[in-house]
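# Structural overview
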Amino acid sequence: MIQIEIDSGSGFCFGVTTAIKKAEEELAKGTKLYCLGDIVHNGMECERLSEMGLIIINHDDMRQLHNVKVLLRAHGEPPETYALARQNNIEIIDATCPVVLQLQRRIKEQYDESADKQIVIFGKKGHAEVLGLVGQTQSTAIVIESFDEVKKLDFSRDIYLYSQTTKSLDEFHKIIDYIQSHISKDATFKSFDTICRNVANRMPNISQFATKHDLILFVCGRKSSNGKVLYNECLRVNPNTHLVEDPHEIQKEWLEGIETVGICGATSTPRWLMEQCRDAIQAMQ
């Protein structure tokens, strides 16, 4: 009989849990509720909430809406979204993660002090959180996705570096080191560690978990940025790691000769989905 362990540290982070709870509370009242973008980067959880009545919309859809309620997910939104809501008499249910909200405020304050400096955000271009951060700077912030892109900065000008909350801490420090060694002596460089420790601390924990088992199932929506980082870490320490979005993707041949299976996931992975994967493996034995 294969032993199966679900990682106790995996599952929704505080911000996602709060957003889902707010959605469930509104829907339980019988309220018609829209959500701007997928509430979480997990198709199964989005489907569950859609069945409860949550309607997913994009920014173009929101422009057509008036006198309704719209939930803003944990990733946050740029100022333009709030302005549109006021214009269209839309009630905002704001589920922006407090960590993201604080980061938005810091970037806006920095931008308002002087629009001449380079505000740099280490993050994924086009990601919902990053769009919200860039929006605090009248879209002037420079986004770098990886260490390789740091060379495009102007080292003769002041640089103020921030990070998307779910990026790699190690790569962020690598970028800091590079800028420090290349910045002009006449320019100012300041870095602000804005990576969420709730997410960053999962890296060493999930790495340790992945080494304990013959097979790792990483349960995660393929859109999740945080999921990609954590999955790659599992794969690095345990090559017998498979990413699945739901139990139907589990292949029976993966279990041949296996004694222990570890099931883990991203900050966007619901516990119930990891439990379904456990049940699916048990049914295959």
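Preceding this section is the structure that the text describes.
These lines cover the structure that appears in this document, whether it is placed above or below.

What counts, and at which threshold
- Residues numbered from 1 in each chain as written.
- Predicted model: local features only at pLDDT ≥ 70, side-chain atom pairs only at ≥ 80, totals over all residues.
- Heavy atoms only, no water.
- Salt bridge = Lys/Arg side-chain N within 4 Å of Asp/Glu carboxyl O.
- Helix = DSSP H or I, 4+ residues; strand = E, 2+ residues; numbered from the N terminus.
- Buried < 20%, exposed > 50% of the residue type's maximum accessible area, 1.4 Å probe, protein only.
- Pairing = 2+ DSSP bridges.
- Axes fitted to C-alpha atoms, helices over the stretch in contact; angles between N-to-C directions.
- Contact = heavy atoms within 4.5 Å.
- Core = buried A, V, L, I, M, F, W, Y, C linked by side-chain atoms within 4.5 Å.

A word on the pattern of salt bridges. Summed over all chains, the structure comprises 17 salt bridges. Lys-125 serves as the salt-bridge partner of Glu-149, at 2.8 Å between the closest nitrogen and oxygen. A residue pair is termed long-range when its members are at least 10 positions apart, and Glu-149 in the loop between β7 (142-144) and β8 (159-163) and Lys-125 in the loop between β6 (118-122) and α6 (128-134) qualify at 24 residues. Using a relative accessible area of 41% as the deciding quantity, one classes Lys-125 as partly exposed. Within the structure, one salt-bridge network assembled from shared partners comprises Glu-24, Glu-45 and Arg-48.

The next subject is unusual backbone geometry. The phi dihedral of Asn-89 is positive, around 55 degrees, even though this residue is not glycine. With respect to the helices, strands and loops of the structure, Asn-89 is situated in the loop between α4 (79-87) and β5 (91-94). At Ser-139, a residue that is not glycine, the phi angle is positive and equals roughly 60 degrees. Relative to the helices and strands, Ser-139 is located in the loop between α6 and β7. Here Ser-139 falls in the exposed class, since its relative accessible area comes to 57%.

Looking now at the sheet that holds strand β11 (residues 241-244). Across the sheet, which stays open at both edges, the 4 strands sit in the order β1-β12-β10-β11 with parallel pairing between neighbours. Pairing within the sheet leaves two strands with one partner each, and these edge strands are β1 (3-6) and β11. Each strand axis lies, on average, 20 degrees off the axis of its neighbour in the sheet, ignoring direction. Pairing of β1 with strand β12 (residues 260-265) involves 4 bridges; the strand directions are parallel. Of the residues in β12, the one forming a bridge with Gln-3 is Thr-260. Helix α9 (residues 202-210) contacts β1, β10 (215-219) and β12 of the sheet and is inclined by roughly 160 degrees relative to β12.

Among the 5 residues that make up β6, 5 are buried, leaving the element largely enclosed by the rest of the structure. Burial along β6 is two-sided: Gln-118, Val-120 and Phe-122 facing one way and Ile-119 and Ile-121 facing the other are all buried. As judged from the 5 bridges shared by β6 and β8, these two strands associate in the parallel manner. In the strand pairing of β8, Gln-118 is matched with Ile-159. Direction of pairing for β6 relative to β7: parallel, over a ladder of 3 bridges. Counted as the bridge partner of Ile-121 is Val-143 from β7.

Core analysis: the largest hydrophobic core is formed by 19 residues, its most contacted members being Val-150, Leu-153, Ile-159, Leu-161, Ile-175 and Ile-179. Listed by contribution, the elements that provide at least two residues to this core are β6, β8 and α7 (169-182). Per-element tally for this core: the top contributor is α7, with 5 residues. For Ile-175, the residues in contact, after removing those within four places along its chain, are Phe-122, Ile-144, Ser-146, Phe-147, Val-150 and Leu-161. The next biggest cluster of nonpolar side chains, apart from the first, holds 17 residues, and it includes Val-244, Ile-258, Met-274 and Ala-280.

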